[in-house]
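Here are the chains, one letter per residue:
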Amino acid sequence: MSGQRQAAGWLRATVTTVGVLLLGFALSFIAARLPLGSEGEHFAGHFSVGVTVLLLLLVVLWAWPRPSSDQMRSMARRVLGAGLALVGIGQLVEGVGAFGFRGNDQVNFLATVHDLAMVGLVGVPIALVGALLWVMLALAARLGVDRSRWVPYALLALAILAFIAYVVLIVTDV
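Residues numbered from 1 in each chain as written. Predicted model: local features only at pLDDT ≥ 70, side-chain atom pairs only at ≥ 80, totals over all residues. Heavy atoms only, no water.

(A) Just the nonpolar core, in detail. Of all hydrophobic cores here, the largest spans 21 residues; its most connected members are W64, L80 and L84. If you list the elements that add at least two residues to this core, you get α1 (2–33), α2 (37–63), α3 (71–97), α5 (123–143) and α6 (151–171). The greatest single-element share of this core, amounting to 6 residues, is contributed by α2. The contacts of W64, once residues within four sequence positions are left out, are R12, A13, T17, V59, R77, L80 and W134. (Core = buried A, V, L, I, M, F, W, Y, C linked by side-chain atoms within 4.5 Å. Buried < 20%, exposed > 50% of the residue type's maximum accessible area, 1.4 Å probe, protein only. Helix = DSSP H or I, 4+ residues; strand = E, 2+ residues; numbered from the N terminus. Contact = heavy atoms within 4.5 Å.)

(B) Region of interest: α6. The first and last C-alpha atoms of α6 sit 30 Å apart over 21 residues, in line with the 30 Å expected at 1.5 Å per residue. Where the residues of α6 are buried, they touch α3 and α5. (Expected span 1.5 Å × (residues − 1).)

(C) A look at the side chain of Q91. Structurally, Q91 can be placed in helix α3. Of the residues examined, Q91 reaches a relative accessible area of 13% and is grouped as buried. Among residues more than four places away in sequence, those in contact with Q91 are H46, V49 and G50.

(D) Highlighting the packing of α3 against α5. Relative to each other, α3 and α5 sit at 150 degrees, their axes nearing to 7 Å. Of the possible angle classes, the one that applies to α3 and α5 is roughly antiparallel. Both α3 and α5 take part in a crossing whose hand is left-handed. Counted together, M72, R73, M75, A76, R77, V79, L80, A82, G83, L84, L86 and V87 of α3 and G123, V124, I126, A127, V129, G130, A131, L133, W134, L137 and A141 of α5 form the full contact between these two elements. In the contact of α3 with α5, the residues fall into 18 nonpolar, 3 polar and 2 charged. (Axes fitted to C-alpha atoms, helices over the stretch in contact; angles between N-to-C directions. Parallel < 35°, antiparallel > 145°, perpendicular 65-115°, else oblique. Left-handed = near helix turned anticlockwise from the far one by under 90°. Nonpolar A, V, L, I, M, F, W, Y, C, P; charged D, E, K, R; others polar.)

(E) Seen up close, the packing of aromatic side chains. In total, this model carries 4 aromatic pairs according to the counting rule given. Ring plane angle 25 degrees and centroid distance 5.4 Å describe the contact between F43 and F47, whose orientation is recorded as stacked. Of this pair, F43 and F47 both sit in helix α2, 4 residues apart, roughly one helical turn. The exposure class assigned to F43 is partly exposed, which follows from its relative accessible area of 24%. Take F47: its relative accessible area is 39%, and that puts it in the partly exposed class. Relative to F99, the ring of F43 lies with its centre 5.4 Å away and its plane at 40 degrees, an arrangement referred to as tilted. Placement of the pair is F43 in helix α2 and F99 in the loop between α3 and β1 (101–102), with a sequence separation of 56 residues. Three or more aromatic residues joined by ring pairs form one cluster here, namely F43, F47 and F99. (Phe/Tyr/Trp six-rings, centres within 6.5 Å; stacked < 30°, edge-to-face > 60°.)

(F) Geometry of α2. Spanning 27 residues, α2 covers 37 Å between terminal C-alpha atoms, matching the ideal 39 Å at 1.5 Å per step. Of the positions making up α2, those classed as buried are G40, A44, H46, S48, G50, T52, V53, L56, L57, V59, V60 and A63.

(G) Structural context of the packing of α2 against α3. Remark: α2 packs on α3, axes separated minimally by 8 Å, with the N-to-C direction vectors making an angle of 155 degrees. Accordingly, the angle class assigned to the pair α2 and α3 is roughly antiparallel. As α2 packs across α3, the resulting crossing turns out to be left-handed. Grouping the constituent residues of the contact of α2 with α3 by class yields 18 nonpolar, 6 polar and 2 charged.

Here it is as structure tokens:
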């Protein structure tokens with residue numbers, strides 16, 4: 001019965017995750033086509049991404065199966081959650097800050113809020129590392145090597161490589 005319950009949990013997680021991502025795509029598509037003016041379009045773009053990411057965070061917290069007592073899986077889930085929270089909140093705050101501009105000119109204090117919200121971009125590599133750890137731990141468990149003493153070192157190396165790759169992509173403006 002435990003195997004069936006676990007399979008049903010992963011099916012629920014997959015369906016809800018894909019559903020949220022499709023909703024986010026639809027929100028972004030709609031936001032890009034609304035005639036809201038420069039600031040309104042800027043807000044709508046950030047809002048659609050922020051809502052999608054925060055809904056994805058809720059899916060991770062409540063629809064994904066709870067990790068076993070394994071510390072690595074719990075840590076991966078917390079890292080992923082923290083990254084998603086930073087990105088989602090940062091996007092919503094940045095959207096509100098869009099009303100501090102008229103074109104490229106700063107017109108009120110919300111422009112500063114917009115610029116401060118860029119700190120939310122720190123959540124992107126954190127979320128990527130958390131997702132990578134989660135996937136790698138799932139693969140290690142599937143292959144039966146999750147109890148190997150080398151798994152934590154390999155995961156740490158992969159997380160560092162993912163972070164370096166992200167920084168290189170940002171710096172080189174790819």
